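Report on the structure
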Amino acid sequence: MELRHLRYFIALAGSLNFTRAAERVHVTQSTLSHQIRQLEDEIGQHLFDRSSKRVVLTEAGESFLAYATRALSVIDQGLSELKQTVAPMTGTVRIGTTHTFNLGFLPDCVALFLKHNPTVKIVIEELSGDAITNGLKAEQLDVGIAYRPEQQEGIRFEPLFNEELALIVARTHPLAKRKRLRIAELHRESLVLLPPSFSTRRLLDECFNAAGATPNVIAEMNTIPAMLGLLVRENVGIIAAPSAVAEHNKPLRVIPLEGPTPIRTHGLLFMDRHDQTPASTALIALIRKQTQAKAKASTHGATPA
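Throughout what follows, the structure given in this document is the object of discussion. (Residues numbered from 1 in each chain as written. Predicted model: local features only at pLDDT ≥ 70, side-chain atom pairs only at ≥ 80, totals over all residues. Heavy atoms only, no water.)

A look at helix H9 (residues 224-234)
Among the residues of H9, Ile 224, Met 227, Leu 228, Gly 229 and Leu 231 are the ones counted as buried. Of the residues one or two after H9, Asn 235 is the one with positive phi, at around 55°. (Buried < 20%, exposed > 50% of the residue type's maximum accessible area, 1.4 Å probe, protein only. Helix = DSSP H or I, 4+ residues; strand = E, 2+ residues; numbered from the N terminus.)

Some details on the sheet that holds strand E3 (residues 91-97)
Two strands in a sheet stick together by hydrogen bonds in their backbones, pointing the same way (parallel) or opposite ways (antiparallel). Reading across from one edge, E4-E3-E5-E13-E6 is the order of the five strands in this open sheet, with mixed pairing throughout. Since the sheet does not close on itself, it has two edges, and those belong to strand E4 (120-126) and strand E6 (155-164), each with one partner. When the angles between neighbouring strand axes are averaged without regard to direction, this sheet yields 20°. Of the strand pairs in this sheet, strand E5 (residues 143-147) and strand E13 (residues 263-271) are connected by four bridges, and their pairing is antiparallel. Residue pairing across strands places Gly 144 opposite Leu 269, the latter belonging to E13. (Pairing = 2+ DSSP bridges. Axes fitted to C-alpha atoms, helices over the stretch in contact; angles between N-to-C directions.)

So, the sheet that holds strand E11 (residues 237-240)
Spatially, the six strands line up as an open sheet ordered E8-E12-E7-E11-E9-E10, and their pairing is mixed. Edge strands, defined here as strands with exactly one partner in the open sheet, are strand E8 (181-182) and strand E10 (216-220). Where strand E7 (residues 166-170) meets E11, three bridges bridge the pair, whose relative direction is antiparallel. Bridge pairing in E11 places Ile 168 opposite Ile 238. Docked against the sheet, helix H8 (residues 199-211) engages strand E9 (190-193), E10 and E11, running at close to 150° with respect to E9. Of the strands in this sheet, E7, E9, E10, E11 and strand E12 (252-258) touch H9, which is tilted by about 150° from E11. (Contact = heavy atoms within 4.5 Å.)

In short, geometric facts, not functional conclusions.
Right, here's the structure in full:
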């Protein structure tokens, strides 16, 4: 059975006249009659009653018509969507992201996307986690890239990967030679941390409470570069993702933490009621793909970006 059989059958069922149906599908009447006969032979039942002067659908024909119409409609819809994807995508994709993602990973994804979709405009705003969720709720953003937020109605979080936080110190720091530290050992240790408004800080506070530790927070800063500057000058420690400091050419030591290990989850944020455009859907798919490739490279010993 081929698509033309269904088209010929539906045309004849609609007009119940071989001449008009043949004109509609642009074939001769004999060709139409032959194709309908082929379809009936394959099905094993008569679809039309030609015994009288009029052509009428048989009971089997009436039943098959509903299925044939539905099948052809779905196929035509699919063909139409495929043809539309051939045309260049346009529009604007609005992204809210945290600093960590904007260091290199997201710009790399956007550059790759724009290479194949130069007619799409990408707008990226570096925001706090709370500002990203607020932007999604106000429909000022299409997608967010951030850490797992506290559960909020209407906001959907799709995990991408987990990241362990570590203690970062200068090589002159008293703890610099340690290979690993327990959170409890940071009790009364001088640290520079993010403000409590950041989800990462709230995660760290939970870890400190679980370990019974109260660090000496000498300063709170909302950017990693500023924290690093104070770290070297004052010989204090900060807790951050190793990837966040990898690009800084400073004499630093990264010390893994345990008991418990601070782990934050990066992911995509969406507003459930906000429909994605073809452009945003394509960019989101590329981000997922690049994340998987990055994770695969890391497991094979490659240096993470």
